[in-house]
Amino acid sequence: MAARAICFAMLIMTATCWGLFGGGKEDKPKITSTTTTDHSNVIKEVEEIDTLSSPTDCNDYTPCSEHLAASHVCQNFQPTIQDMMNQQINVELNASYTYHNLAYFFDRSDVALHGFHKFFKKASDEEREHAEKFMDYMNKRGGDIELLAIKKPGVHTRANMNGLRAMQAALALEKQVNCHLLKLHFKADEVKDVALQDFLEANFLPEQIESIKQLGDYVTKLGHMVSPHNNSTADGLGYHIFDQDLLHDKLKTS
């Protein structure tokens, strides 16, 4: 019995070894062959898709100029768009400079309207952030940033500046900024720069509408406080309350 058991065990071991080292040789090439075939099919499909011609073929877009093509990331980015973006950066920085000047006029000891100071200081910071956002985007698209000269703002005195005039100037300035943004958007549409259009629509155009509405409301409110004798903002209680509402963020924004 012991001899039979030993023989039976040896037969099992022999069969097992044959399955591992003998029968398995036929299976391995099949696995390798299947994997290779799958990769080949995928590569072939990608090549076929790449050769398809359609209205959105990348060849339909004007390639980057020789100068811009030096950047590895440049694609469908035109020199005219780069120039207009540099102009937009300048517009944003000019607005920031103008608001900064207004902010510190209202912080003077003989003016002391700290709500107006806070409002225009925040506006200045936001315009500078807008310029930096354009700079970041320019680098992402492979363009060259060129900072242009900033205009010197006027000198404000109590004789030529007050809350109403400041808000009127800000309203006109925001419309000017919006006008430049719209021109840039129109040009992006003209040259099929869909990425730039999306960037403007997501980050700037809706905000400009909100800012223009907000400043328009402020001009109307301050207009109710105008003295009929000198057409300037009256230094009354309403003016003081408006300034305090600006200071404590109590005024409703659109």
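Heads up: the structure comes first, above all this text.
Residues numbered from 1 in each chain as written. Predicted model: local features only at pLDDT ≥ 70, side-chain atom pairs only at ≥ 80, totals over all residues. Heavy atoms only, no water.

### A closer look at the nonpolar core
Ranked by size, the top nonpolar core spans 52 residues in total, and within it Met85, Phe116, Phe120, Phe134, Met167, Leu196 and Phe242 carry the most contacts. Looking at which element gives the most residues to this core, the answer is helix α3 (residues 79-106), with eleven residues. (Core = buried A, V, L, I, M, F, W, Y, C linked by side-chain atoms within 4.5 Å. Buried < 20%, exposed > 50% of the residue type's maximum accessible area, 1.4 Å probe, protein only. Helix = DSSP H or I, 4+ residues; strand = E, 2+ residues; numbered from the N terminus.)

### Here we look at the packing of aromatic side chains
One pass over the full model with this rule turns up 13 aromatic pairs. Ring geometry for phenylalanine 116 and phenylalanine 242: centres 5.7 Å apart, planes at 35°, overall tilted. With phenylalanine 116 in helix α4 (residues 114-141) and phenylalanine 242 in helix α8 (residues 237-247), the pair connects residues that are 126 residues apart, well separated along the chain. The residues phenylalanine 116 and phenylalanine 242 share a single accessibility class, namely buried. Here the aromatic residues Tyr99, Phe105, Phe106, Phe116, Phe119, Phe120, Tyr218, Tyr239 and Phe242 are joined through ring pairs into a cluster of three or more. (Phe/Tyr/Trp six-rings, centres within 6.5 Å; stacked < 30°, edge-to-face > 60°.)

### Considering the pattern of salt bridges
Applying the stated criterion to the full structure yields seven salt bridges. With its nearest N and O atoms 3.1 Å apart, the salt bridge here joins aspartate 125 to lysine 121. Placement of both aspartate 125 and lysine 121 in helix α4 is noted, with a separation of four residues, approximately one turn of the helix. The exposure class of lysine 121 is partly exposed, given its relative accessible area of 23%. With a shortest N-O distance of 3.4 Å, arginine 128 and aspartate 125 are connected by a salt bridge. Linking arginine 128 with aspartate 125, this pair stays in helix α4, spanning three residues, or about one helical turn. (Salt bridge = Lys/Arg side-chain N within 4 Å of Asp/Glu carboxyl O.)

### Some points on the environment of glycine 142
Inspection of the secondary structure assignment puts glycine 142 in the loop between α4 and α5 (163-190). With 78 residues separating them along the chain, glycine 142 and cysteine 64 place their C-alpha atoms 9.5 Å apart.

### Remarks on helix α6 (residues 194-203)
In an α-helix there are 3.6 residues to a turn, and that puts residues three or four apart on one side. Listed in full, the buried residues belonging to α6 are Leu196, Gln197, Phe199 and Leu200. Down the axis of α6, the smallest arc covering the buried residues is 160°, so these residues share one side. Counted as exposed and oriented over 90 degrees from the buried face of α6: Val194 and Ala202. Tucked into the core, α6 has its buried residues touching α3, α4, α5 and α7 (205-223). (Arc of directions from axis to C-beta. Contact = heavy atoms within 4.5 Å.)

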